[in-house]
Amino acid sequence: KAYAFLTNAYKGEGVGLVLRCCGAPARWAGRKDLFAETQSQFLEIYENLGKPKVIVACSSCYQVFKTEYPQIEILSFWEIMDQLGPQQFPPISYSAPLAIQDPCSTRYESQIQDAVRNILNKMGCEVEELALSREKTECCSYGGLMWLANKPVAEAVVQRRIAESQLDYLTYCVMCRDFFARRG
């Protein structure tokens, strides 16, 4: 659906799809060799595609591209959707607001945080801000691979975070979503 949305939004310009890792896990693990290999492979694809703008939905990818690929113009999928598309989605009706979990990798990306909230607003959703949101948001335990390095601490981090609200959570990070959903 995201690809179809972008194809429709950018009629005449063309949209490509690259399904591969940006290298964030290798970077976090200190695997400079593996990250360099991943980066080299991506840059080859990027060059072959004619150096297009890169649209990312993943907040970790956004940070990696922002810091490690300065030659590439990156766009957030959420900003594009906010500007061009939420009106094509049906209103959502929930009996309660949604608690929003900002991914730690968007901690200082207020434009992405705002875009997500704007989309929800346009779709009729009420949002409850967690006590620690936006620039004070907490990690779900994926960042830095905490969940691999120290599972008991990671479990405590996730449990503490999901206990902050009794509402359903909404997040725009697949890892936050997976870690929270596994705990109901």
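Scroll up a little and you will see the structure.
Now for a look at the structure at hand. Since the structure is predicted, the reported quantities are computational estimates derived from the model, not experimental observations.

This part covers helix α3 (residues 32-48). At 3.6 residues per turn, the α-helix brings residues three or four places apart onto the same side. Taking 1.5 Å per residue, 17 residues should reach 24 Å; α3 reaches 24 Å between its end C-alpha atoms and fits that length. Of all the residues in α3, the buried ones are Phe 35, Thr 38, Gln 39, Phe 42 and Tyr 46. Each buried residue of α3 lies within a common arc of 100° when the element is viewed along its axis, so the set occupies one face. Along α3, exposed side chains directed more than 90 degrees from the buried face belong to Glu 44 and Asn 48. Among the structural elements, α2 (24-28), β1 (54-56) and α4 (59-68) are those in contact with the buried residues of α3.

So, on to the packing of helix α1 (residues 2-9) against helix α5 (residues 77-84). Relative orientation of the contacting elements α1 and α5 amounts to 55°, with a least axis distance of 11 Å. As summarised for this structure, α1 and α5 are arranged oblique, according to the angle between their axes. Our pair here, α1 against α5, has a crossing hand that is left-handed. Counting all contacts with α1, which are made through Ala 2, Phe 5, Leu 6 and Ala 9, the residues of α5 involved are Phe 77, Ile 80, Met 81 and Leu 84. A class-by-class count of the residues in the contact of α1 with α5 yields 8 nonpolar, no polar and no charged.

The next point concerns unusual backbone geometry. The residue Lys 51 is not glycine, and still its phi comes out positive at about 55°. Checked against the element boundaries, Lys 51 lands in the loop between α3 and β1. For Ser 141, which is not glycine, the phi torsion reads 110° and is therefore positive. Tracing the backbone through its elements, the reader meets Ser 141 in the loop between β4 (127-129) and α7 (146-149). You can call Ser 141 buried: its relative accessible area is 1%.

Take the sheet that holds strand β3 (residues 98-101) next. Picture the strands of a sheet paired through backbone hydrogen bonds; they go either parallel or antiparallel. Strand order in this open sheet of 3 strands is β4-β3-β5, and the pairing throughout is parallel. The open sheet is flanked by β4 and β5 (169-171), the only strands paired with a single partner. Direction aside, the axes of adjacent strands within the sheet are offset by 45° on average.

We now examine the pattern of salt bridges. Tallied over the entire structure, the rule returns 12 salt bridges. Its salt-bridge partner being Lys 66, residue Glu 109 comes within 2.6 Å of it at the nearest N-O pair. Residue Glu 109 is located in the loop between β3 and α6 (110-122), and its partner Lys 66 is located in helix α4; the two are separated by 43 residues in the primary sequence. Relative accessible area serves as the criterion here: at 43%, Lys 66 is assigned to the partly exposed category. One salt bridge in this structure joins Lys 122 and Asp 82, with 2.8 Å as the shortest N-O distance. Of this pair, Lys 122 sits in helix α6 while Asp 82 is found in helix α5, placing the two residues 40 residues apart along the sequence. Each of Asp 102, Arg 117 and Glu 129 takes part in salt bridges that share partners, so that together they form one network.

Rules of the game
- Here the residue numbering is sequential within each chain, running from 1 through the sequence in written order.
- Only residues with pLDDT of 70 or above have their local features reported here, since the model is predicted, and side-chain atom pairs are shown and tallied only from 80 upward, although totals for entire chains, interfaces and linings are computed over all residues.
- Water and hydrogen atoms were dropped before computing side-chain values, which therefore reflect all heavy atoms in the structure.
- The helix count covers DSSP runs of H or I at least four residues long, the strand count covers runs of E at least two residues long, and both are numbered beginning at the N terminus.
- Expected span, for any helix, means 1.5 Å times one less than how many residues it has.
- We call a residue buried when its accessible area falls under 20% of the maximum for its residue type, exposed when it is over 50%, and partly exposed in between, using a 1.4 Å probe and counting protein chains only.
- Arc definition: directions from the helix axis to the C-beta atoms.
- In this description, contact between two residues means that some pair of their heavy atoms is separated by no more than 4.5 Å.
- Fitted lines through C-alpha atoms give the axes, limited to the stretch in contact for helices. The angle between two N-to-C directions lies from 0 to 180 degrees.
- Each angle receives one of four descriptions, namely roughly parallel if under 35 degrees, roughly antiparallel if over 145, roughly perpendicular if within 65 to 115, and oblique otherwise.
- Helix crossings fall into two classes, left-handed where the near helix is turned counterclockwise from the far one by less than a right angle and right-handed where it is turned clockwise.
- As a working rule, the residues Ala, Val, Leu, Ile, Met, Phe, Trp, Tyr, Cys and Pro are called nonpolar, Asp, Glu, Lys and Arg charged, and the rest polar, with Gly in that last group.
- Each pair of strands is called paired provided DSSP finds at least two bridges between the two strands.
- Salt-bridge detection follows one rule: a side-chain nitrogen of Lys or Arg within 4 Å of a carboxyl oxygen of Asp or Glu.

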